[in-house]
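# A structural walkthrough
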Amino acid sequence: TVEEIGIASTCVATVEKATFAGFLIRFRPNANSLDPEFSKYFFRSDIQRKFFVGKMNLVTRASLGQDLLKDHPVFLIPLEEQKRIVQFLDQETDRIDKEISYRENEISLLKEYRQSLITEAVTGKIDVRDYSLT
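This text gives an overview of the structure that appears in the document. (Residues numbered from 1 in each chain as written. Predicted model: local features only at pLDDT ≥ 70, side-chain atom pairs only at ≥ 80, totals over all residues. Heavy atoms only, no water.)

### Regarding the overall build of the protein chain
- Looking only at helices and strands, the protein chain has four helices and zero strands in total.
- Along the protein chain, helices (α) and strands (β) appear in the sequence α-α-α-α when read from the amino end.
- Just so you have it, the protein chain exposes about 13,200 Å², and 57% of that area is on carbon and sulfur atoms. (Helix = DSSP H or I, 4+ residues; strand = E, 2+ residues; numbered from the N terminus. Areas by Shrake-Rupley, 256 points an atom, 1.4 Å probe, with all protein chains shown as cover.)

Have a look at this one:
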């Protein structure tokens, strides 16, 4: 989105074997021309963001190439530990899902109650003329 264009970050230390996302642009300035500490302020300024936004091409979908995915390492822990983690996560997500469902049901009931009160007040079934919020 336009809001996500031109947000800069400066790394002033060397990071060996660093990997950058495909949507990022990386550059190394000439140390004799641009101080890294200055560049972090310079590229975060509104003027720079406006420049990038003005020059951007808006796309609707990002994708990963197969070459990138096949080179991605996956570190596996022992199978028994994987199973214990899955069991724990299944239990916790089930508990959270039940809590969400309970809360959504409460909200639905409160909305019904609210609508019922409005209907009764409008039709005169309850008298709200002397009602006070205190």
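### Remarks on a nonpolar patch on the surface
- Together, Tyr113, Leu117, Ile126, Val128, Tyr131 and Leu133 give the surface a local cluster of nonpolar side chains, amounting to about 670 Å² of exposed area.
- Within the element layout of this structure, Leu133 appears in the segment after helix H4 (79-122). (Patch = residues over 30% accessible without salt bridge, like charges linked within 9 Å, V, L, I, M, F, W, Y side chains within 5 Å. Salt bridge = Lys/Arg side-chain N within 4 Å of Asp/Glu carboxyl O.)

### Observations concerning the pattern of salt bridges
- Scanning all chains against the criterion turns up five salt bridges.
- As a salt-bridge pair, Asp94 and Lys98 come within 3.3 Å of each other at their nearest N and O atoms. Placement of both Asp94 and Lys98 in helix H4 is noted, with a separation of four residues, approximately one turn of the helix.
- Note on Asp94: relative accessible area 36%, which makes it partly exposed.
- Note on Lys98: relative accessible area 55%, which makes it exposed.
- A salt bridge links Glu106 to Arg103, with the nearest nitrogen and oxygen atoms 3.0 Å apart. Residue Glu106 and its partner Arg103 are both found in helix H4; the two are separated by three residues, about one turn of the helix.
- For Glu106, a relative accessible area of 29% gives the class partly exposed.
- Residues participating in the shared-partner salt-bridge network are Glu99, Arg103 and Glu106. (Buried < 20%, exposed > 50% of the residue type's maximum accessible area, 1.4 Å probe, protein only.)

### A look at H4
- Across its 44 residues, H4 extends 64 Å between first and last C-alpha, which sits within 8% of the 64 Å expected from 1.5 Å per residue.
- Trailing H4 by a residue or two, Gly124 shows a phi angle of about 85°, which is positive. (Expected span 1.5 Å × (residues − 1).)

### Observations regarding unusual backbone geometry
- Residues other than glycine seldom take positive phi values, yet Lys17 does so here, at roughly 55°.
- Inspection of the secondary structure assignment puts Lys17 in the segment before helix H1 (36-42).
- For Lys17, a relative accessible area of 82% gives the class exposed.

Remember, this is a structural readout, not a statement about activity or role.
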